[in-house]
Amino acid sequence: MNRKIIKAAELIKNADKITVLTGAGISVESGIPDFRSKGGLWEKYDPFVYAHIDSFHRDPYRVWEMLKEMNQILNGKKPNYAHIALKQLEDKGKEVVIITQNIDSLHSLAGSSIVYEYHGVWDKLICVKCGKRDEIKNFPLNRIPHCEKCNFPYKPEVVFFGEPIDPYIMSVSNEAAKNCDVFMVIGTSAQVYPAAYLPNVAFNANIPIIEINLEETPLTSSLNTIHLKGKASEIMKLLMEHLD
Ligand code: NAD
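Summary of the structure given here. From a predicted model like this one, the values you see are computed outputs, not experimental measurements. (Residues numbered from 1 in each chain as written. Predicted model: local features only at pLDDT ≥ 70, side-chain atom pairs only at ≥ 80, totals over all residues. Heavy atoms only, no water.)

1. Section: the pattern of salt bridges
The final tally for this structure, using the stated rule, is eight salt bridges. Close ionic contact of Lys87 with Asp91 constitutes a salt bridge, the shortest N to O distance being 2.7 Å. Here Asp91 and Lys87 lie together in helix α6 (residues 81-91), a separation of four residues that amounts to about one turn. Note on Lys87: relative accessible area 23%, which makes it partly exposed. Taking relative accessible area as the criterion, Asp91 reaches 54% and is therefore assigned exposed. (Salt bridge = Lys/Arg side-chain N within 4 Å of Asp/Glu carboxyl O. Helix = DSSP H or I, 4+ residues; strand = E, 2+ residues; numbered from the N terminus. Buried < 20%, exposed > 50% of the residue type's maximum accessible area, 1.4 Å probe, protein only.)

2. Digging into unusual backbone geometry
In this structure, Pro194 follows Tyr193 across a cis peptide bond, with omega equal to 10°. Tracing the chain through its elements places Pro194 in the loop between β7 (182-186) and α9 (198-204). The backbone of Ser105 shows a phi angle near 60°, a positive value even though the residue is not glycine. Residue placement: Ser105 occurs in the loop between β2 (95-100) and α7 (106-110).

3. What to know about the packing of aromatic side chains
Counted under the stated rule, the structure contains seven aromatic pairs. Measuring from ring centre to ring centre gives 6.5 Å for Phe56 and Phe152, while their planes differ by 75°; the resulting arrangement is edge-to-face. Residue Phe56 is found in helix α4 (residues 53-58), and its partner Phe152 is found in the loop between β5 (133-135) and β6 (155-158); the two are separated by 96 residues along the sequence. The exposure classification of Phe56 matches that of Phe152, with both residues buried. Ring geometry for Trp64 versus Trp122: centroids 6.3 Å apart, planes at 55°, classification tilted. Highlighted residues: Trp64 in helix α5 (residues 60-74) and Trp122 in strand β4 (residues 120-126), separated in sequence by 58 residues. (Phe/Tyr/Trp six-rings, centres within 6.5 Å; stacked < 30°, edge-to-face > 60°.)

4. Some details on the sheet that holds strand β9 (residues 226-229)
Reading across from one edge, β3-β2-β1-β7-β8-β9 is the order of the six strands in this open sheet, with parallel pairing throughout. Edge strands, defined here as strands with exactly one partner in the open sheet, are β3 (114-117) and β9. Each adjacent strand pair in this sheet contributes to an overall mean axis angle of 15°, direction not counted. Where strand β8 (residues 209-213) meets β9, four bridges bridge the pair, whose relative direction is parallel. The partner of Ile210 across the bridge, within β9, is Ile226. Across the sheet, α6 lies against β1 (17-22), β2, β3 and β7, angled at about 155° from β2, the strand it touches most. Contacts between helix α8 (residues 167-178) and the sheet are confined to β1, β2, β3 and β7, with β3 contributing the most and set at about 125° to the helix. (Pairing = 2+ DSSP bridges. Axes fitted to C-alpha atoms, helices over the stretch in contact; angles between N-to-C directions. Contact = heavy atoms within 4.5 Å.)

5. Some words on the sheet that holds β6
The antiparallel open sheet is built from three strands, whose spatial order is β5-β4-β6. Edge positions in the open sheet fall to β5 and β6, since each of these has one partner strand only. Neighbouring strand axes in the sheet, compared pairwise and without regard to direction, differ in orientation by 50° on average. Where β4 lies against β5, three bridges are found, and the strand directions are antiparallel. Its bridge partner lying in β5, Lys124 is registered against Glu135. The sheet strands contacting α5 are β4 and β6, and the helix crosses β4 at an angle near 125°.

Keep in mind these numbers describe shape, not what the thing actually does.
Here it is, written out as structure tokens:
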């Protein structure tokens, strides 16, 4: 392990540009469990029903049963050391581009300056009828936020199943994946496409890939990643110590 940490730290130290793909695992230590594991949100609510855009149009109140629980999970959470360390890499003069599949806004809260929110964000709201926007913080936690104009429930600006990824975000993320000196993948099972394809873009551009996860993923052997097994915050701490 130590050998791999040293190798990864060397790559980071020598890099000017670092692109990082993050997933639910980086926020677990902030108290946001991943939705897929036992007891997670998707055990109770089938995401293809409750997180599908057609369901929202058909019956937004049913979808909001799940969204209210999601709101309770995400509300008030703070970045953990792994989010903060990525911002500290910027402070060391690196250009750090973060592509996150998370909807929790924790990278922005940690102060990172370039964050591409691939699946959107939870805390911004949009009316699917008139396009009016608002923020979840302006509404009480236990009530379904409604557009004042249309009296229709707001939709969080999260990419639901059946909705496209913002083409601009896709394009800049692709560019960042192939124009960096090292590509990091933190806390993602790499199963949700097209985000899961980004490490392949880096691999095809001959960029070394560092992967931080509690377990191996399909990327580990197929892309020959430097796999650092452990909790994101603990591994980032080891890496940062080796940089100094
Ligand atoms: P996933 O749930 O499929 O995989 C999580 C990965 O993180 C797993 O491989 C797991 O081994 C690893 N992991 C768990 N705890 C970890 C830790 N402490 N340190 C390092 N790794 C850890 O997550 P995904 O790949 O991001 O895909 C799920 C989708 O669900 C995403 O698109 C995301 O939008 C959404 N989601 C978001 C949040 C959030 O915003 N925080 C939370 C849950 C799910």
